[in-house]
Amino acid sequence: MNIQNFNHNSELPSLLSDPIGTAVVRAPGVCGELAQGLIDDHNFLITCPIDFFSRVEVTIYKSGSDIIAPPNCRKSSLAVDATLQNLGYTDVSAVLKVYNPIPRGKGMGSSSADVTASIAATALSLGCNLSPRDIANIAVSIEPSDGIMFPGIALFDYKQGLISEELGNPPPMEIVALDFGGTVDTVQFNQVDRSHIWKSIQGETDKALELIREGIHKGIPALIGEGATISSLASQSLLENIHLTEVLDFASAVGGVGVCLGHSGTIIGILLDARQKKGKSVFNQSRKTFCKASEIYHFRILGGGIRT
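Summary of the structure given here. (Residues numbered from 1 in each chain as written. Predicted model: local features only at pLDDT ≥ 70, side-chain atom pairs only at ≥ 80, totals over all residues. Heavy atoms only, no water.)

Next up on the list: the overall build of the protein chain. The secondary structure content of the protein chain amounts to nine helices and 11 strands. Over its C-alpha atoms the protein chain spans a radius of gyration of 20 Å, differing by no more than 12% from the 19 Å that the globule rule assigns to 308 residues. In terms of overall dimensions, the protein chain has a C-alpha envelope of 60 × 40 × 35 Å along the principal axes. Residues classed as buried in the protein chain amount to 56% of the 308 residues present. Long-range contacts, defined here as pairs at least 24 residues apart, represent 76% of the contacts in the protein chain between residues at least 6 apart. Taken as a whole, the protein chain presents about 12,900 Å² of accessible surface, with 47% of it coming from carbon and sulfur. (Helix = DSSP H or I, 4+ residues; strand = E, 2+ residues; numbered from the N terminus. Rg over C-alpha atoms; globule rule 2.2 N^0.38 Å. Buried < 20%, exposed > 50% of the residue type's maximum accessible area, 1.4 Å probe, protein only. Contact = heavy atoms within 4.5 Å. Areas by Shrake-Rupley, 256 points an atom, 1.4 Å probe, with all protein chains shown as cover.)

What follows is about the side chain of Ser77. With respect to the helices and strands, the residue Ser77 is situated in helix α1 (residues 74-87). Taking relative accessible area as the criterion, Ser77 reaches 1% and is therefore assigned buried. Apart from residues no more than four positions distant in its own chain, Ser77 is found in contact with Ile3, Ile67, Ala69 and Leu96.

With that settled, the discussion passes to the nonpolar core. In this structure, Leu34, Ile46, Ile175 and Leu271 are the most contacted members of the largest nonpolar core, which totals 65 residues. No other element matches strand β3 (residues 42-61), which puts eight residues into this core. What Ile175 contacts, discounting residues up to four positions off in sequence, is Cys31, Cys48, Ile50, Cys260, Gly269, Ile270, Leu271, Tyr297, His298, Phe299 and Ile301. The next biggest cluster of nonpolar side chains, apart from the first, holds 19 residues, and it includes Leu244, Phe250, Val259 and Ile268. (Core = buried A, V, L, I, M, F, W, Y, C linked by side-chain atoms within 4.5 Å.)

In this section: the pattern of salt bridges. Between side chains of opposite charge, a pair can form as their charged atoms come close. As enumerated under the stated definition, the model contains seven salt bridges in all. Across the pair Asp41 and Lys199 runs a salt bridge whose closest N-O atoms are separated by 3.6 Å. With Asp41 in the loop between β2 (19-39) and β3 and Lys199 in helix α5 (residues 195-200), the pair connects residues that are 158 residues apart, well separated along the chain. On the basis of relative accessibility, which here comes to 57%, the residue Asp41 falls in the exposed class. Classification of Lys199 as partly exposed rests on a relative accessible area of 47%. Two residues, Asp273 and Arg275, come together in a salt bridge whose shortest N-O distance is 3.1 Å. (Salt bridge = Lys/Arg side-chain N within 4 Å of Asp/Glu carboxyl O.)

See the structure below:
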């Protein structure tokens, strides 16, 4: 299919007629990952979904064979195209609208949220309800993808989608997230083979996975935080975040249960047990302590999966 760009405020091509259906879907971003590593030589991450969403609207028309989308939405356009091909629709047009406040290049899953929501919205506009596994298969055909299409917290092979596991819903947890600037191109980062480094820290990432599994199963944020911290520290040999030590010290001082980060991004999160109701206080303290941070956010960890 041809991909055409349009501005949200401009008129759509007049040739479009006979709409088949429209769907609006939201997909969550992430605050990095709770853990990342290798299982049997397969790359994996453990999702950290947050209440920060991309919203995508897709309308399918009987006429034409174009995908009409805003500028700078190529990945979402490719997701629409791949979904139509997957479902056997080759003689329709699609209009794509994307509303996404999640910053890019930070390790917050902006592209994954766009792609996931675009796939789901395209299918739903045609009356098809794809499973998380189906969405994941299409998503990884476009680029490395976070596993936010799965409900709860999930383990996912972000490169090839060969392994996935739903670990369960998170206990009540909050995150105060800090961005100190800079960006990382996730696609370029993942094109480099770092398997030898992942293997050298596999003892740590195995332990992180074990603790996070147990924390989710038992509903204990402290175990999840301990596992995420181990993975964050281990990942410094792949991509150093020079602010991690000071953020970890601050997290300990304010009663956080640990830290998480974008293993291929810049974001760092202070993990909190939401039942202790410290989120607002820690957010305010963070603003005073980390004056050089570009952005500071206050999020809630939630289960993944699309929202309609």
